[in-house]
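# Residue-level structural notes
Now for the letters of each chain:
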Amino acid sequence: MFNELKQDLQPRRLLTISTISVVIGAIYLLQVISLSVLIYSGPLAEYAGLGIGVGIVGGILTQLIVLFANSMGGVTAGPQDSPTAILSVVALSIGSAMVAASGEERFATVFVTVMLTSLFTGLLFLLVSWFNLSRFIRFIPYPVIGGFIAGTGLLIVKGGFGIMTDPHELARLFLPSVMLRWVPGGFLALTLLIASRSRRFGHFLVTPSLLILSIAIFYIAARMSSVSLDRLQAGGWLLGPFQSGSMWKPMDFALFSQVDWGMIASQGTNLFAAAMISIIALLLSVSALELISQKDMDPRRELAVMGLANLASGLVGSSVAYHYLGISSLAVRMKASSKLVNVIVILMLLIVLLSGSAALALIPKFMVGGLLLFLGGSFLMEWAYDAWFRLPKLDYFLVIAILVVVGSVGFLQGVAVGILGAIVLFTINYGHIDVVNDVLNSSNFRSNIERPIEHYQKLRDLGGQVHILRLQGFVFFGTAQSLLNRIRERINDRAQEKLNYIILDFHRVSALDSSAVLSMVRIHQLTKASNIHLLLTEVTSDMRKKFERSDLKEDAEELLHYFPSLDHGAEWCETRILNADPSSLLIRAASMQGQLTNIFGKELSERFIKYLLREEMKEWHTVFHQGDPPDSMLFIESGQLAANLEVSPGKFIRLRSMGAGTVVGEIAVYLNQPRTATITATEASIVYRLTVDALRKIERDDPEIAIRLHNWLATTLSHRLADNNRTLEALLN
């Protein structure tokens, strides 16, 4: 930090930082004044001076902690508008409800309410940081956050009108006598809003210049009208008069004896809402500062820093504090990201605090109210107007719904509407996502079992009996019903081949709810009534427990089956389809003797067998090892072999299984490259081995057999490629 300060003290950079810091300090001070007056207004207006003093002290403590603990220079933090807007409503409710109480009792109750809110929020910040819960807070939907911000803007606008007129005159804003008080502030807010949204007037000096100019015009008009300061104060045009003496006093513990604790308890839900909104707003501010500064910020650290700051400032009664996005981004954009900014701001706050409240009492109410109208109006413009052009219409209407509920009922009710609306929007949007990732059948998708060509042809002809649905995502009530309807439509579709098997693959399913389980029960009832086998593949143990608790238990008679993978389920269906065909051609194709007779004819097949070596293998015998030289190929007479890829020592993945009537190892022989997989007999098998030397002898001495052999192998490889292409095409479509 000291090396950075040394660089910042260079004359040219120091001038830039000092200029920006003074502007930031002035805006910071006006922010603190406006928000403090927002809380201590109406019945508590006489305590506004103390409220401002407490806000300044809280700002000093917050800035000190940020100075030494924050990772980025130029970041400022202090009392914030969103929680203050809620606290202003709470303060007004307490002040109005405690009619019989004295002014000191009402002030004590509001003061302690603000204190407890800051302390609770600081503790919550630290807990969220400690348990790293910020990642869950960021899951709150964007339009819901927008609705909260818009609702906050509306409360700030109402507070601004209340400061300039009177909280009880909000229903009579358009009476000439009332308009006279708020129109100047409204004009100032409109001017600030136009300047802030205009690139032409986007200079950082525009806002403070307009505020200074508005004060000058006010006093020039008063001078020309011969209106004295006493008349201005008596007429309610100025913030003062404040209580005499210091703007801040050490806490008197006798204050707690005047607190109405029941009144504070009745506002508990609003105070909790203020804390939750503060967490969301803090994380949003951190994300925005990262984008503006193009530097990473640790959300956990920022939460911890602001947690300590709120505990410190809360002890003196200051409102909830966190990062000022606008002021901090001003320092970043003007190349003044320095710890000196925090130092200068602290010094300015100390000067105002020590000089007393006399100067603050001369600030016109319309300027403070206009600044609040500008702050609230900017939120409303962003989320009630700009959002129309950048948000989907359903999201936009949710923002407006939250805004209307906050304005007409209350902030907590607006929060509830937002959460409920987010759930409904999620259901609608996610319900439009098709839970079925792929629709396949045995004509375009087959298991990893290598079969004779005749079997492939039969499966292409009868593959429509198998209906494969590869599911995806989270299966819940919004998507499970559409899955049930889809299966019902396929079963009742007489234009397609009659179904005998339905496979539901859960490989890409992340989770499912109880409604989805009920839909699976109804799907099983539907398939059972139509005598269709229902296969559930790659179901997790948790999903299977849910299914079995609903009586979805595996039972061949009930036509329900579980398989560890789609590959095994498809293999089971294929085998049943082939075994159901009594064709002698299929039976002959399932043996190597029959295959050779089909390929060569009886005479040539007998000559070809003389070149082969007959071998009997026990179960789990390794035929080829991955990496072995390509010395031979095998023709399977009976049994089954499996090709396994060794991904790590001792760990294998099954690539393909080969049954009777198929050939193994021909690709390595043709390409003359080492074996790419380990071949193992998964059951007792009989094979015929054709060595490379024997193959060369056939090509030299018996070309007719060689030609037929190569034609058959080329046809086999072509069928494999065609099948793979059909599967790929089905998956892409």
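Below or above, wherever it landed, is the structure these notes cover. Just so it is clear, the model here is predicted, and its values are computed rather than measured.

One pass over the full model with this rule turns up 19 aromatic pairs. Aromatic pair Trp-388 and Tyr-396: ring centres 5.2 Å apart, planes at 80°, arrangement edge-to-face. Given the relative accessible area of 36%, Trp-388 is considered partly exposed. Ring geometry for Trp-388 and Phe-397: centres 6.4 Å apart, planes at 65°, overall edge-to-face. One aromatic cluster is present, formed by Tyr-40, Tyr-47, Phe-107 and Phe-111 through successive ring pairs. Geometry around Trp-237 places Arg-181 over its ring, the cationic atom sitting 4.9 Å from the centre. Here the basic side chain of Arg-390 rests over the ring of Trp-383, its NZ or CZ set 4.8 Å away from the ring centre.

Relative to the elements of secondary structure, Ser-82 occurs in helix α4 (residues 81-97). Overall, Ser-82 belongs to the buried group, its relative accessible area being 9%. The sequence separation of Ser-82 and Thr-152 amounts to 70 residues, and the corresponding C-alpha distance is 5.5 Å. When residues no more than four places from it in sequence are discounted, the contact partners of Ser-82 are Thr-152, Ile-277 and Tyr-322.

A cluster of nonpolar residues, Leu-123, Leu-127, Trp-130, Phe-131 and Leu-133, forms a patch on the protein surface that exposes about 550 Å² of accessible area. Here Leu-133 is to be found in the loop between α5 (103-130) and α6 (134-137).

Looking now at the packing of helix α19 (residues 453-462) against helix α23 (residues 566-579). Two numbers describe how α19 lies on α23: the axes approach to 10 Å, and their chain directions differ by 95°. By the angle class used here, α19 and α23 are roughly perpendicular. Counted together, His-455, Lys-458, Leu-459 and Leu-462 of α19 and Glu-574, Ile-577 and Leu-578 of α23 form the full contact between these two elements. Along the lines of polarity and charge, the residues of the contact of α19 with α23 split into four nonpolar, one polar and two charged.

Moving on to the environment of Arg-486. Secondary-structure assignment places Arg-486 in helix α20 (residues 477-492). Between the alpha carbons of Arg-486 and Val-436 there is a distance of 9.6 Å; along the sequence they are 50 residues apart.

Turning to the sheet that holds strand β16 (residues 685-691), a few remarks are in order. Across the sheet, which stays open at both edges, the four strands sit in the order β9-β16-β11-β14 with antiparallel pairing between neighbours. With partners counted over all chains shown, the strands left at the sheet margins are β9 (613-617) and β14 (663-664), one partner each. Where strand β11 (residues 632-638) lies against β14, two bridges are found, and the strand directions are antiparallel. Bridging across to β14, Leu-634 finds its partner in Val-664. Sheet contacts for helix α25 (residues 592-609): β11 and β16; angle to β11, the most-contacted strand, approximately 115°. Across the sheet, helix α27 (residues 692-701) is in contact with β11 and β16; its angle to β16 comes to roughly 60°.

Inspection of the secondary structure assignment puts Gly-73 in the loop between α3 (48-69) and β1 (77-79). For Gly-73, a relative accessible area of 11% gives the class buried. Placed 255 residues apart in sequence, Gly-73 and Ser-328 show a C-alpha to C-alpha distance of 9.2 Å. The contact partners of Gly-73, leaving out residues within four places of it in the chain, are Ser-337, Ser-338 and Lys-339.

Rules behind the numbers
- Residues numbered from 1 in each chain as written.
- Predicted model: local features only at pLDDT ≥ 70, side-chain atom pairs only at ≥ 80, totals over all residues.
- Heavy atoms only, no water.
- Phe/Tyr/Trp six-rings, centres within 6.5 Å; stacked < 30°, edge-to-face > 60°.
- Buried < 20%, exposed > 50% of the residue type's maximum accessible area, 1.4 Å probe, protein only.
- Lys NZ or Arg CZ within 6 Å of the ring centre and 35° of its normal.
- Helix = DSSP H or I, 4+ residues; strand = E, 2+ residues; numbered from the N terminus.
- Contact = heavy atoms within 4.5 Å.
- Patch = residues over 30% accessible without salt bridge, like charges linked within 9 Å, V, L, I, M, F, W, Y side chains within 5 Å.
- Areas by Shrake-Rupley, 256 points an atom, 1.4 Å probe, with all protein chains shown as cover.
- Salt bridge = Lys/Arg side-chain N within 4 Å of Asp/Glu carboxyl O.
- Axes fitted to C-alpha atoms, helices over the stretch in contact; angles between N-to-C directions.
- Parallel < 35°, antiparallel > 145°, perpendicular 65-115°, else oblique.
- Nonpolar A, V, L, I, M, F, W, Y, C, P; charged D, E, K, R; others polar.
- Pairing = 2+ DSSP bridges.

Shape descriptors only; they carry no functional weight alone.
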